[in-house]
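Coordinate analysis (summary)
The chain contents come next:
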Amino acid sequence: MKTVTISTLNKLKQAGEKFSCLTAYDATFSSQISTAGVEVMLIGDSLGMVLQGHDSTLPVSVDDIAYHTQCVARGNKGSLVMADMPFMSNASMEQMLINAGKLMQAGAHMVKIEGEAWLAEGIRELTRRGVPVCAHLGLTPQMVNQFGGYKVQGKTEEAAQAIIAASQTLVDAGASVILLECVPNEVGRLVTEAVQVPVIGIGAGPYTDGQVLVLHDMLGVTMGRTARFVKNFMTETDSIPAAISRFHQEVKDNTFPAEEHCFQ
Ligand SMILES: Nc1nc(=O)c2c([nH]1)NC[C@@H]1CN(c3ccc(C(=O)N[C@@H](CCC(=O)O)C(=O)O)cc3)CN21
Ligand SMILES: CC(C)C(=O)C(=O)O
Ligand SMILES: [Mg+2]
């Protein structure tokens with residue numbers, strides 16, 4: 001695959017073409033996922049749950065993400081590599097810069113940070129130092145204790161407007177990508193239309209520019225109940241590479257997500 005950069009994603013958005021993203025944590029899956037043409041690979045702090053067995057993403061360290069980013073970078077065949085900034089890794093501006101630097105030196109092409117409009121200052125500092133940022137809004141799992149569970153966000157008119165306004169503020173501050181998690185379809189559509197940069201969704205409806213899922217979820221390798229937005233791509237295919245290709249194809253032709261994976 002031709003190397004994917006942020007410019008590639010911008011061009012896809014301008015052309016009205018969809019792109020796909022999967023989490024990756026190791027070199028072999030990295031090779032498989034990038035070979036399938038999946039544009040973005042995310043070293044998600046979801047690894048705290050799917051690899052380490054914790055019941056939230058909070059225990060994940062910067063070193064954990066850096067280690068898995070190195071593994072993914074070695075297997076990568078051309079996808080854009082994005083690494084999650086874990087819980088409290090941006091506790092101060094200085095720590096945020098140092099930790100983002102570690103993830104970039106581990107092989108990430110950009111970092112993703114959870115938050116709201118208050119992230120603006122940090123995003124400005126990172127981008128001016130050459131670290132592209134994806135701002136993760138909506139259901140931000142590092143806030144699970146504040147939210148009281150993994151609940152759909154942006155359900156009231158006021159909450160929806162806050163997410164749209166925060167997206168604009170963070171793009172103005174320099175965010176290269178927006179990621180929206182667990183919001184009604186309409187919020188996904190309004191943010192995607194409002195901002196110039198690519199918007200990736202998970203449980204954010206069919207209108208976002210890109211779609212992301214956790215690798216284990218889409219392979220049906222889970223520990224119990226899964227979120228509404230999850231689709232098991234192994235049920236219609238006979239191999240893991242075929243399931244990954246099928247996910248990519250269904251995102252490209254906009255058949256995934258279907259209504260059953262969305263919040264109205
Ligand atoms: N394996 C895995 N997949 C993920 O998508 C994921 C992780 N782990 N770990 C970190 C977070 C946690 N995430 C979650 C977990 C559960 C729901 C969930 O069950 N949501 C309810 C919404 C209920 C409501 O408010 O209506 C759902 O029914 O989907 C959503 C996101 C997403 N992330
Ligand atoms: C679910 C995605 C968006 C994520 O942040 C992760 O895998 O950690
Ligand atoms: Mg994450």
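Residues numbered from 1 in each chain as written. Chains lettered and ligands numbered in written order. Predicted model: local features only at pLDDT ≥ 70, side-chain atom pairs only at ≥ 80, totals over all residues. Heavy atoms only, no water.

Turning next to the coordination of the magnesium ion (ligand 3). Around a metal, the perfect tetrahedron of four donors has angles of 109.5 degrees, and the perfect octahedron of six donors has angles of 90 or 180 degrees. Coordination of the magnesium ion (ligand 3) by the protein is provided by D45 (OD) and D84 (OD), with metal-donor distances spanning 2.1 to 2.2 Å. A residue pair is termed long-range when its members are at least 10 positions apart, and D45 in the loop between β2 (40-43) and α3 (47-50) and D84 in strand β3 (residues 80-84) qualify at 39 residues. Judged by relative accessible area, D84 falls into the buried class, the value being 3%. (Donors = N, O, S within 2.8 Å, 3.2 Å for Na, K, Ca; no water. Helix = DSSP H or I, 4+ residues; strand = E, 2+ residues; numbered from the N terminus. Buried < 20%, exposed > 50% of the residue type's maximum accessible area, 1.4 Å probe, protein only.)

This paragraph deals with the packing of aromatic side chains. Tallying each qualifying case throughout the model produces 3 aromatic pairs. Seen in terms of ring centroids, F233 and F256 are 5.4 Å apart; in terms of plane orientation they differ by 75°. Their pairing is edge-to-face. Placement of the pair is F233 in the loop between α10 (215-218) and α11 (240-252) and F256 in the segment after α11, with a sequence separation of 23 residues. Of the aromatic side chains, those joined through ring pairs into one cluster are F233, F247 and F256. (Phe/Tyr/Trp six-rings, centres within 6.5 Å; stacked < 30°, edge-to-face > 60°.)

Another aspect to go through is the UniProt feature "active site" (unreviewed entry) in the protein chain. With numbering aligned to this structure, UniProt lists the feature "active site" (unreviewed entry) at E181. Tracing the sequence through the fold places E181 in strand β6 (residues 177-181). A residue is classified by how much of its surface remains accessible, and E181, at 10% relative accessible area, is buried. Excluding its chain neighbours within four sequence positions, the residues that come into contact with E181 are H136, L137, G138, L139, P141 and I202. Among the polar contacts made by the side chain of E181, one reaches the side chain of H136 at a distance of 2.9 Å. (UniProt positions renumbered as here; feature names shortened; annotations may be inferred. Contact = heavy atoms within 4.5 Å. Polar contact = N/O pair within 3.5 Å; in protein donor to acceptor, adjacent residues only side chain to side chain.)

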